[in-house]
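# Observations on the model geometry
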Amino acid sequence: MDTWVWIVIAVVAAIVVLGVFWGAARSRRSRSLQDRFGREYDRTVEHAGGKREAERELSDREKRREELELRPLSPEQRDRYVQEWQATQGLFVDDPTGAVSRADALVQRVMNDRGYPVDDFEQRAADISVDHPDLVERYRTAHGIAQASERGDASTDDLRHSVRHYRALFVELLEVQNIGDIENVDEVSSRERDTDDVEWQDVEQVERRR
């Protein structure tokens, strides 16, 4: 067999081997992204219009996240934010819309203090998706309800869900050891209409009395 034939065979074999390795590497990368991002992977595939575009976007998110110099909150900052959250939760009974607005602002302030850029919501969500992929969709939902609230299109129950979603991310960003220290919206205090006493009640019970 002529030498050139052997050369052609060797080149083809090399191409096949490289193709196998490339395919295996890409498959491993896909599984890695799926494992890391979970449902956010599927959402990105749907919105990006294809798997390749979605994986490129998710990889870009990872690279951007690596460039961020995130920092933990100081104990003083953490305590202050916990107190502000308690006040925000307490506002829910009398002003649900205001409570949602304050919850949204609190999350942004915590993100900023941790080192996240906060100018654009979509970028905030993308950055959050890398470290908290299980919470990013809840963050989007909370933000969407907050926007609907500004237009007067959100019910009290919608607003309650929004505060719950904000709280979930807020707790993660604060990195508190005991999440019981941060009230849930269903545990807020309500003021009785005919007295100045404060009685701890469930939000749903308060709404039924109105």
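The structure contained in this document is the topic of the report that follows. (Residues numbered from 1 in each chain as written. Predicted model: local features only at pLDDT ≥ 70, side-chain atom pairs only at ≥ 80, totals over all residues. Heavy atoms only, no water.)

With that out of the way, let us pick up the packing of aromatic side chains. Scanning all chains against the criterion turns up four aromatic pairs. When the centroid spacing of 6.5 Å and the interplanar angle of 85 degrees are considered together, the rings of Y81 and F170 count as edge-to-face. With Y81 in helix α4 (residues 75-91) and F170 in helix α8 (residues 156-174), this residue pair connects regions lying 89 residues apart in the sequence. The pair formed by Y81 and F170 is uniform in burial state, with each residue classed as buried. Their ring planes at 55 degrees and their centres at 5.1 Å tell us that F121 and Y139 sit as a pair that is tilted. Placement of the pair is F121 in helix α6 (residues 121-131) and Y139 in helix α7 (residues 136-150), with a sequence separation of 18 residues. Here the two residues F121 and Y139 agree in accessibility, since each one is buried. Through a chain of ring-to-ring contacts, three or more aromatic side chains come together here, namely Y81, W85 and F170. (Phe/Tyr/Trp six-rings, centres within 6.5 Å; stacked < 30°, edge-to-face > 60°. Helix = DSSP H or I, 4+ residues; strand = E, 2+ residues; numbered from the N terminus. Buried < 20%, exposed > 50% of the residue type's maximum accessible area, 1.4 Å probe, protein only.)

Relative to each other, α7 and α8 sit at 140 degrees, their axes nearing to 8 Å. As summarised for this structure, α7 and α8 are arranged oblique, according to the angle between their axes. The way α7 lies across α8 gives a crossing that is left-handed. Each of R138, Y139, T141, A142, H143, I145, A146 and S149 in α7 lies in contact with α8, whose residues at this interface are D158, L159, H161, S162, R164, H165, Y166, A168 and L169. For the contact of α7 with α8, the per-class residue count stands at eight nonpolar, six polar and three charged. (Axes fitted to C-alpha atoms, helices over the stretch in contact; angles between N-to-C directions. Parallel < 35°, antiparallel > 145°, perpendicular 65-115°, else oblique. Left-handed = near helix turned anticlockwise from the far one by under 90°. Contact = heavy atoms within 4.5 Å. Nonpolar A, V, L, I, M, F, W, Y, C, P; charged D, E, K, R; others polar.)

On to the pattern of salt bridges. Applying the stated criterion to the full structure yields 13 salt bridges. We note a salt bridge from D131 to R65, for which the minimum N-O separation is 2.5 Å. Remark: R65 occurs in helix α3 (residues 51-67) and D131 occurs in helix α6; sequence separation between them is 66 residues. R80 is paired through a salt bridge with E84; the nearest N and O atoms lie 3.7 Å apart. Here E84 and R80 lie together in helix α4, a separation of four residues that amounts to about one turn. Its relative accessible area of 22% is what places E84 among the partly exposed residues. Salt bridges sharing partners connect three or more residues here, namely E40, R43, E57, R61, E137 and R140. (Salt bridge = Lys/Arg side-chain N within 4 Å of Asp/Glu carboxyl O.)

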